[in-house]
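Take a look at the letters that make up each chain.
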Amino acid sequence: VARDAGLATRTVQEYYQILEDTLIGFRLPAWQRSERARMVAHPRFHLFDTGITNALCRRLGAPVDGSLRGRLFEQWLVLECWRTIDNREAEARLFFWRTNHGAEVDLLIERHGRLVLAAEIKARPHVSGADLSGLRSFAEAHPDVPRMLVCEAPESYQLHGTRVMPYREFLARLPRLVGRG
């Protein structure tokens, strides 16, 4: 962002800090505890509301296209996890995982220093094995962490060793995943 805007990195970091301090957004840190893979270190920034994202994209009155819908769905689910942790005063923390080679998992939930879930988020009812590539890469480094693909499927099922779960069911189970403070 700093390079694109022609600003000093520190200046941009201070702007992001202002957005966090005013509760307009938060940083989702990258999970960096991997023995084998080189990991991306910079956090992702999430705005506190998908409506703000739509306004910034100048898409308030327009139909949502497929790629933006996927990003908004992911943002919404991450926000729901963040809010659940905050509301329950849970000791859980959220991360994302990405290698320098592009393998990625949208959401990791850590509780008491241990990963309790790796979740990929897809805004569609039908998923395939190709949608699991990031989770498969993650499983190579962290085979004991449960993996889940959260989507709009009508019911839960297994796909290549990964639980595919409707987002409503995931949100209902979320309080048990994050625990209580």
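Above this text sits the structure in question.
Since this is a predicted model, take the numbers as computed values, not measurements.

A.B. asks: What should I look at first to understand the sheet that holds strand 3 (residues 92-98) in this one?
C.D. replies: Backbone hydrogen bonds are what pair the strands of a sheet, in a parallel or an antiparallel way. Strand order in the open sheet made by the six strands is 3-4-5-6-8-7, with mixed pairing throughout. Each having just a single partner strand, strand 3 and strand 7 (157-159) make up the two edges of the open sheet. Adjacent strand axes in the sheet meet at a mean angle of 30°, parallel and antiparallel pairs treated alike. Two strands pair when backbone bridges link them, and strand 3 and strand 4 (residues 104-111) are joined in this way by six bridges, in the antiparallel orientation. Bridge assignment links Arg-98 to a residue of strand 4, and that residue is Glu-104. Strands in contact with helix 4 (residues 66-88) are strand 3, strand 4, strand 5 (114-121) and strand 6 (147-151); relative to strand 3, the strand with the most contacts, it is inclined by about 150°.

A.B. asks: Would you mind going over helix 5 (residues 133-141) with me for this structure?
C.D. replies: Along an α-helix, residues three or four apart share an orientation, since each turn contains 3.6 residues. Of the residues making up helix 5, those classed as buried are Gly-134, Leu-135, Phe-138 and Ala-139. The buried residues of helix 5 all sit within an arc of 135° when viewed along its axis, so they share a single face. On the buried face of helix 5, the contacting elements are strand 3, strand 4, strand 5, strand 6 and strand 8 (162-166).

A.B. asks: Explanation requested: the nonpolar core in the structure shown.
C.D. replies: In terms of nonpolar packing, the biggest core is built from 28 residues, with Ile-109 and Phe-170 touching the most fellow members. Elements with a minimum of two residues in this core: strand 1 (25-28), helix 4, strand 3, strand 4, strand 5, strand 6 and helix 6 (167-178). Here Ile-109 is in contact with Ala-92, Arg-93, Leu-94, Arg-114, Leu-115, Val-116, Leu-117, Leu-174, Leu-177 and Val-178, once residues within four sequence places are set aside. Listed in part, the 18 residues of the second largest apolar core include Phe-95, Leu-115, Leu-149 and Ala-153.

A.B. asks: When you look at the packing of aromatic side chains in this model, what are you seeing that I'm missing?
C.D. replies: Aromatic ring pairs are described here by two measures, namely the spacing of the ring centres and the angle between the planes. All chains considered together, the criterion is met by seven aromatic pairs. Judged by centre distance (4.5 Å) and plane angle (5°), the ring pair of Phe-26 and Trp-82 falls under stacked. Taken together, the residues span a long stretch of sequence, with Phe-26 in strand 1 and Trp-82 in helix 4 at a distance of 56 residues. When its relative accessible area of 6% is taken as the criterion, Phe-26 is described as buried. Ring centres of Trp-31 and Phe-95 lie 5.1 Å apart, and the angle between their planes is 80°; on these two criteria the pair is classed as edge-to-face. Of this pair, Trp-31 sits in the loop between strand 1 and strand 2 (44-47) while Phe-95 sits in strand 3; the two residues are 64 residues apart in sequence, bridging distant segments of the chain. For the pair formed by Trp-31 and Phe-95, the shared burial category is buried. Feature note: the residues Phe-73, Trp-76 and Tyr-167 constitute an aromatic cluster, connected by ring pairs. Above the ring of Phe-96, the side-chain terminus of Arg-44 is found at 4.4 Å from the ring centroid.

Thresholds applied
Residues numbered from 1 in each chain as written. Predicted model: local features only at pLDDT ≥ 70, side-chain atom pairs only at ≥ 80, totals over all residues. Heavy atoms only, no water. Pairing = 2+ DSSP bridges. Helix = DSSP H or I, 4+ residues; strand = E, 2+ residues; numbered from the N terminus. Axes fitted to C-alpha atoms, helices over the stretch in contact; angles between N-to-C directions. Contact = heavy atoms within 4.5 Å. Buried < 20%, exposed > 50% of the residue type's maximum accessible area, 1.4 Å probe, protein only. Arc of directions from axis to C-beta. Core = buried A, V, L, I, M, F, W, Y, C linked by side-chain atoms within 4.5 Å. Phe/Tyr/Trp six-rings, centres within 6.5 Å; stacked < 30°, edge-to-face > 60°. Lys NZ or Arg CZ within 6 Å of the ring centre and 35° of its normal.

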